[in-house]
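Coordinate inspection notes
Each chain, letter by letter, is given below.
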Protein chains: 2
Amino acid sequence: MASAQSRRGPAADALRPPVMADVARLAGVSHQTVSRVLNSHPNVRPATREKVLAAIRELSYRPNAAARTLVTRRTHTLGVISFDTTLYGPASMLYGIEQAARHAYFVSISSLPALDHRGVLDAVDRFVGQAVEGIIVIAPQTSAVAALNGIPDLVPLVAVGCGTEAPLPFVSVDNTAGAARATRYLLDLGHRTVHHVGGPGSWLDARERTRGWSQTLQQAGADQPEVLAGDWSARSGYEIGLQLARRPEVTAVFCANDHMALGLLRAFGEQGRRVPEDVSVVGFDDIPEAAFFRPPLTTVRQDFGELGRRALRLLVDTICDHHSAGSPLPVDPELVVRSSAARPRA
Amino acid sequence: MASAQSRRGPAADALRPPVMADVARLAGVSHQTVSRVLNSHPNVRPATREKVLAAIRELSYRPNAAARTLVTRRTHTLGVISFDTTLYGPASMLYGIEQAARHAYFVSISSLPALDHRGVLDAVDRFVGQAVEGIIVIAPQTSAVAALNGIPDLVPLVAVGCGTEAPLPFVSVDNTAGAARATRYLLDLGHRTVHHVGGPGSWLDARERTRGWSQTLQQAGADQPEVLAGDWSARSGYEIGLQLARRPEVTAVFCANDHMALGLLRAFGEQGRRVPEDVSVVGFDDIPEAAFFRPPLTTVRQDFGELGRRALRLLVDTICDHHSAGSPLPVDPELVVRSSAARPRA
DNA sequence: CGGCCGTTTGTTAGCGATAACAATGCACCG
DNA sequence: CGGTGCATTGTTATCGCTAACAAACGGCCG
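Worth saying up front: this structure is predicted, and the values here are computed from it rather than measured.

Here we take up the sheet that holds strand β9 (residues 280–285) of chain A. Remark on secondary structure: sheet strands pair via backbone hydrogen bonds, oriented parallel or antiparallel. Residue and element names in this part refer to chain A. Judged by pairing direction, the sheet is mixed, and its six strands sit side by side in the order β7-β6-β8-β9-β10-β11 without closing on themselves. Edge positions in the open sheet fall to β7 (228–229) and β11 (334–336), since each of these has one partner strand only. Pairing of strand β6 (residues 195–198) with strand β8 (residues 252–255) involves three bridges; the strand directions are parallel. By the bridge assignment, His-195 is partnered in β8 with Val-253. Seen against the sheet, helix α9 (residues 204–220) touches β6, β8 and β9 and runs at an angle of roughly 175° to β6.

Residue and element names in this part refer to chain A. Running from N to C, helix α1 (residues 20–27) and helix α2 (residues 31–38) cross one another at 105°; their axes reach a closest spacing of 8 Å. Considered as vectors, α1 and α2 are oriented roughly perpendicular to each other. Of the residues in α2, those touching α1 at Met-20, Ala-21, Val-23, Ala-24 and Ala-27 are His-31, Thr-33, Val-34 and Ser-35. Among the residues making up the contact of α1 with α2, the classes are represented as six nonpolar, three polar and no charged.

Looking now at the protein's contact with DNA strand C. As a matter of local geometry, DNA strand C sits amid 25 residues, with A:Ser30, A:Gln32, B:Met20, B:Ser35 and B:Ala67 nearest to it. Elements with a minimum of two residues in the surface near DNA strand C: α2 and α4 (65–72) of chain A together with α2 (31–38) and α4 (65–72) of chain B. At five residues, the largest contribution of residues to the surface near DNA strand C is made by α4(B). Along the lines of polarity and charge, the residues of the surface near DNA strand C split into eleven nonpolar, eleven polar and three charged.

A few words now on the relation of the copies chain A and chain B. Overlaying chain A on chain B yields an RMSD of 0.1 Å, the required transformation being a rotation through 180° with an accompanying axial translation of 0.0 Å. Taken together, the rotation angle and the small translation identify this as a two-fold axis. Considering only C-alpha atoms, the part of chain A nearest the rotation axis is A:Ser108, at 2.1 Å. Of all interface residues in chain A, 100% are interface residues in chain B too; the two copies therefore contact each other through one and the same surface.

Before going further, it helps to spend a moment on the environment of A:Ile287. Residue and element names in this part refer to chain A. Along the chain, Ile-287 falls in the loop between β9 and β10 (298–301). Between the alpha carbons of Ile-287 and His-31 there is a distance of 54 Å; along the sequence they are 256 residues apart. Setting aside chain neighbours within four positions, we find Ile-287 in contact with Tyr-88 and Asp-258.

Residue and element names in this part refer to chain A. For the peptide bond that leads from Val-275 to Pro-276, omega is 5°, which places it in the cis range. By the secondary structure assignment, Pro-276 is in the loop between α11 (258–270) and β9. Even without being glycine, His-76 reaches a positive phi, approximately 55°. Residue placement: His-76 occurs in the loop between α4 and β1 (77–83). Take His-76: there are 16 C-beta atoms within 10 Å of it, and that puts it in the partly exposed class.

About the cut-offs
- Residues numbered from 1 in each chain as written.
- Chains lettered and ligands numbered in written order.
- Predicted model: local features only at pLDDT ≥ 70, side-chain atom pairs only at ≥ 80, totals over all residues.
- Pairing = 2+ DSSP bridges.
- Helix = DSSP H or I, 4+ residues; strand = E, 2+ residues; numbered from the N terminus.
- Contact = placed C-beta atoms within 7 Å.
- Axes fitted to C-alpha atoms, helices over the stretch in contact; angles between N-to-C directions.
- Parallel < 35°, antiparallel > 145°, perpendicular 65-115°, else oblique.
- Nonpolar A, V, L, I, M, F, W, Y, C, P; charged D, E, K, R; others polar.
- Near = placed C-beta within 6 Å.
- Least-squares fit on C-alpha atoms with pLDDT ≥ 70 in both.
- Buried ≥ 20, exposed ≤ 12 C-beta atoms within 10 Å, placed from the backbone.

Shown next as structure tokens:
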């Protein structure tokens, strides 16, 4: 049997995985017929198909992906470039993307410690080298958007969470509306004005949330306090909270994310300012833990998973039609009322 | 110029990306010489190399990965199979893996909503079909380990966070030691015994932490209260906390993770049991927010990133030597003392 | 019963790279 | 001045698959 096997010589049988020709020989057909069965072409007699399938099973044959790719020019692979996937937002989007993609694509990741021009360009380059069929950039920072500008159009590319200024198809949440909702809620409770702990200015989401807050105050004719910017971390929220706690005129704070709100709550607690009796706090994101902060955090829910799924859909559309049919509507954030905000004391 | 280009005919120039033959023609050498330059073989005259590089730049040529793979049988791709990468632990390990791998490999992910037998097998199968060079399974659940047993040895496979019972090379943290350290710490503070909020029994880490706690109590001759098992979520910690708060004999609690500890803190706060005055709480993981809980959480730090990096190293070793040189030492967790635990009141 | 047509199968030629081997050129030696 | 050997380059075969075309087969019609 071994000697009849192939030009590879008898000894190679065990070493090399079987190829299509081996299946063909065993089934007594030509390799092309095997290929037809594998690609479910019509015009293969059922009996033949069965023989081939049996041979495939017997040899545990698996088609060689590289050979296939070489001729079909399809890799069934997408690339995702993201800022630090340890963070809740990026991690959730990645998860959403992967769930939505898995039935049709492999997803390859590139998680960058910083989204600078160089890093993004390199990552795109890597992926193009790998011949991905499309790329999703989770690009929350202005620097990333800038980098995206300079990218040659080698492969369909979609951005997510990049504000509305991106020079390419994108999906995003309506940060401005979410921030406005939070601010409006606090004003409606009776607060004279609302202070704001912002995210880093280099992040688009941060800017947009700040804008939503600012516009709402302006419309309401309320005082507009200076923005205190953190870096998204609980620590920065804590430090800012320490300052804010000293100022008795502060009765309401809108934090650009839940982690900073956590730090804020801690700082207020430490300084003896009660939440929500003395000061109200509202966050943004609705991370799973927010409901278990002390007190439970009123916050703006953002559906990261949905965002990821939409990004994927947009990318797939772009790959197929090869014309971006405009970007879908922004995902609408929702205010989740818990107990960290209340009416100010009279 | 176009007519001299290639057998593809003049019109194809703009459509197809350039191939090695195009570069060769432009540089006036054979395609093999181009290949030599690309693979930095010795024995290419510097002048020739320059000509080739210039041609490559001029055409913006990129080698075709599939063609390369077909002949070299290398894909430079690794697969990572993980349970829900939204969670802090898996996300951090994934990040560690990717950071360590990126200079040499692409990393493809498969994030499963459940690590059941079928799911793991399918994921491995997908990756084998994609011809990855190795797979890392972030396999914290017993069901995953069971599934790993049945896997044919088609590709190097390494598990991480899978306890010490895995039938294959693995890396893990020393959960038992970490839990023992936390428990010991509470006992040393003077508590009679320590209650335990465990993770789901289907998770190896949960079991090991419970074991470490249990052994320590036994060694100390302390009472061994019944384990209350949660599901890692803050919500489950909260619910268990509500029960525990009613029992005045409870003065110290060791939680199997920080999220449940957060829920516990909230429940105790709500029920008027002060932490750490009335009851001490220690967590596990040291998530970035733990320092900003109220009170700041004393917990056991686990370096997920390092774990990921080690897993990668182990996998690469396995790929190269193709014999697993035994698994590396478990990563040692460290107790981070903050203020959620104190001496019991007299 | 020959010819036409549709179904089923086989044969050949690529896809774009690397590997093995052959050929060239030049320096150096006896 | 021919032979030897190394550095450099070119030629050919091959990786495992799909696409395009060719051939064989059978049924049906006139």
